[in-house]
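Here are the chains, one letter per residue:
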Amino acid sequence: MSAARPTVDDNPLRNSMTSGDSSALHADPDGEYMTLNMGPSHPSTHGVLRIVLDLDGEVIIRAVPDLGYLHRGMEKIAETYGYNKFIPYTDRMDYLAPISNNIAVAMGIEAVNGIVLPPRGQAIRVICCELARISAHLLGLGAFAMDVGAMTVFLYTFREREVIYDFMESLTGARFTVSFTRVGGLARDLPDGWAESVRRFAERIPKTVETDIENMLTTNRIWVDRLQGVGVIPKDVAMSYGMTGPCLRGSGVEWDLRKEQPYLGYENYDFDVPVGEHGDAYDRYLCRIEEIKQSASIIQQAIAKLPDGPISVEDHKVTLPEKTKVLTSMEELIHQFMVVTEGPALPPGERYFGFENPKGELGFYVKTDGTGRPHRLRMRAPSFVNLGIIPYAFDRAMVADTVAILGSLDFVMGECDR
């Protein structure tokens, strides 16, 4: 599915700067270039990212990203604290979609030993993941727009994001760092009336996006001139750099793990994968706009056929038993004690599991050894991989284009420096 792209007049100045003709830009190759440090202060770098720019006037000749200012050793923490105790740390990775991170790491651990949730547990996870996708894209679009000068859009996107925070607070007890998922299931079932409130939100959010975001940006001449032809990433380049998510799909590659390698029953949902045609910052914007609408459709479908039944597997060596049983049965009490203190003792095995997060493919390589802690846990952070494109995307761009390109990549440094 290709996102609609309005027709605008050509901008000769923009075309000359992005055409790839380096003769004009390097007319004086023996001249002096200026080195400029962009970051690691937070504004417009979307986190503690430093980019060393070599400039010929206002044209970027060379860009080198410098990461690592936020390194926290999360992989080793997982190997030290165990499966469930590590889940709160995943809230702090892509902190714009915390519940999606929770579900991704739990599924990576479950995939090693073939643990499959009951249908209701899977459907609730799908609803939570798509809410997280909408929330992450709303903030990404709002910050992107503000970087380029459209502050009003940021206020509108935050207004809708607060509604999702209210849903998270009602469901998990926390607005931001939710820690809702458990290996083999979820912390608790849906509260009364929650699903209907979410359904109404999913029903109206596409129209809200059209009236409050698209009407202000999509055909806005300033917005279009700042994004079209800027940060162009061709299809083959995007694939060679290992890009995923909207950054890859914006370059015309129809690759979404929910379609290509379905999990959580995504093969049973009807949704499209939006792709771009030109691979520029504008196409990446359009893809995220359309993804919000597709996520809203998935949520409505999941709620319409939300099954009854348990939300977690009924193996009490993996998940906590019911509290009433714990209070009346010594065996159940022992199971709870072992799961809480030692963690679920999973049989030996190893596997890589890829999960379609809002930023792209969030992958976990997990190796279990029969204890309550993983022998090895390694992460593939989509923001980290996507940032590898900076030297290519910045080449021969204007200094003023840097914030537009970074905003279109929509990364979070919390998962880069994991």
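How each quantity is defined
- Residues numbered from 1 in each chain as written.
- Predicted model: local features only at pLDDT ≥ 70, side-chain atom pairs only at ≥ 80, totals over all residues.
- Heavy atoms only, no water.
- Helix = DSSP H or I, 4+ residues; strand = E, 2+ residues; numbered from the N terminus.
- Rg over C-alpha atoms; globule rule 2.2 N^0.38 Å.
- Buried < 20%, exposed > 50% of the residue type's maximum accessible area, 1.4 Å probe, protein only.
- Contact = heavy atoms within 4.5 Å.
- Areas by Shrake-Rupley, 256 points an atom, 1.4 Å probe, with all protein chains shown as cover.
- Lys, Arg positive; Asp, Glu negative; His and termini not counted.
- Charge placed at Lys NZ, Arg CZ, Asp CG, Glu CD.
- Pairing = 2+ DSSP bridges.
- Axes fitted to C-alpha atoms, helices over the stretch in contact; angles between N-to-C directions.
- Core = buried A, V, L, I, M, F, W, Y, C linked by side-chain atoms within 4.5 Å.

Q: In this structure, what is going on with the overall build of the protein chain? I would like to understand it.
A: Along the backbone of the protein chain there are 18 helices and 8 strands. Compactness check: the protein chain gives a C-alpha radius of gyration of 23 Å against a globular reference of 22 Å for 418 residues, within 12% of the reference. Across its three principal directions, the C-alpha atoms of the protein chain cover 80 × 45 × 35 Å. Going through the 418 residues of the protein chain one by one, you find that 56% of them count as buried. Partitioning the intrachain contacts of the protein chain with sequence separation of at least 6 by distance along the chain shows that 71% fall at a separation of at least 24. For the protein chain, the accessible surface area stands at approximately 17200 Å², while carbon and sulfur atoms represent 54% of it. Put simply, the protein chain has 42 plus and 57 minus side-chain charges, and the middle of one group is 5 Å from the middle of the other.

Q: Sorry, what's going on with the pairing of strand β7 (residues 360–368) here?
A: On any regular strand, side chains alternate: one points to one face of the sheet, the next to the other face. Here β7 lies mainly inside the structure; 7 of its 9 residues are buried. Across 9 bridges, the pairing between strand β6 (residues 349–357) and β7 is antiparallel. If you follow R351 over to β7, its bridge partner there is V366. Linking β6 back to β7 in an antiparallel pair, the connection comprises 2 residues. Of the strand pairs in this sheet, β7 and strand β8 (residues 374–380) are connected by 6 bridges, and their pairing is antiparallel. What sits directly across from F364, in β8, is M379. Between the end of β7 and the start of β8, which pair antiparallel, lie 5 residues, with G370 showing a positive phi angle near 90°.

Q: What exactly am I supposed to notice about the sheet that holds β6 here?
A: Strand pairing within a sheet occurs via backbone hydrogen bonds; the two strands may be parallel or antiparallel. If you walk across this open sheet you meet the 3 strands as β6-β7-β8, and the pairing is antiparallel. In the strand order of this sheet, the two ends are held by β6 and β8, each with one partner. Within this sheet the neighbouring strands show an average axis-to-axis angle of 15°, counted without direction.

Q: So what exactly am I meant to see when it comes to the nonpolar core here?
A: Generally speaking, soluble globular proteins have nonpolar side chains that are buried together. Of all hydrophobic cores here, the largest spans 89 residues; its most connected members are I127, L131, W194, W223, Y266, Y285 and F364. Among the elements that line this core, the one with the most residues is helix α5 (residues 119–148), at 16 residues. Residues M38, I233, C247 and I390 belong to the second largest nonpolar core, which totals 28 residues.

Q: Which parts of the structure should I look at to understand the pairing of strand β2 (residues 50–56)?
A: Sheet topology places strand β1 (residues 34–38) next to β2; 5 bridges connect them, and they run antiparallel. Paired with L36 across the bridge in β2 is L53. Note: β2 against strand β3 (residues 59–66), 7 bridges, orientation antiparallel. Bridge assignment links I51 to a residue of β3, and that residue is P65. Hairpin connection of β2 to β3: 2 residues between the antiparallel strands, including G57 at a positive phi of 70°.

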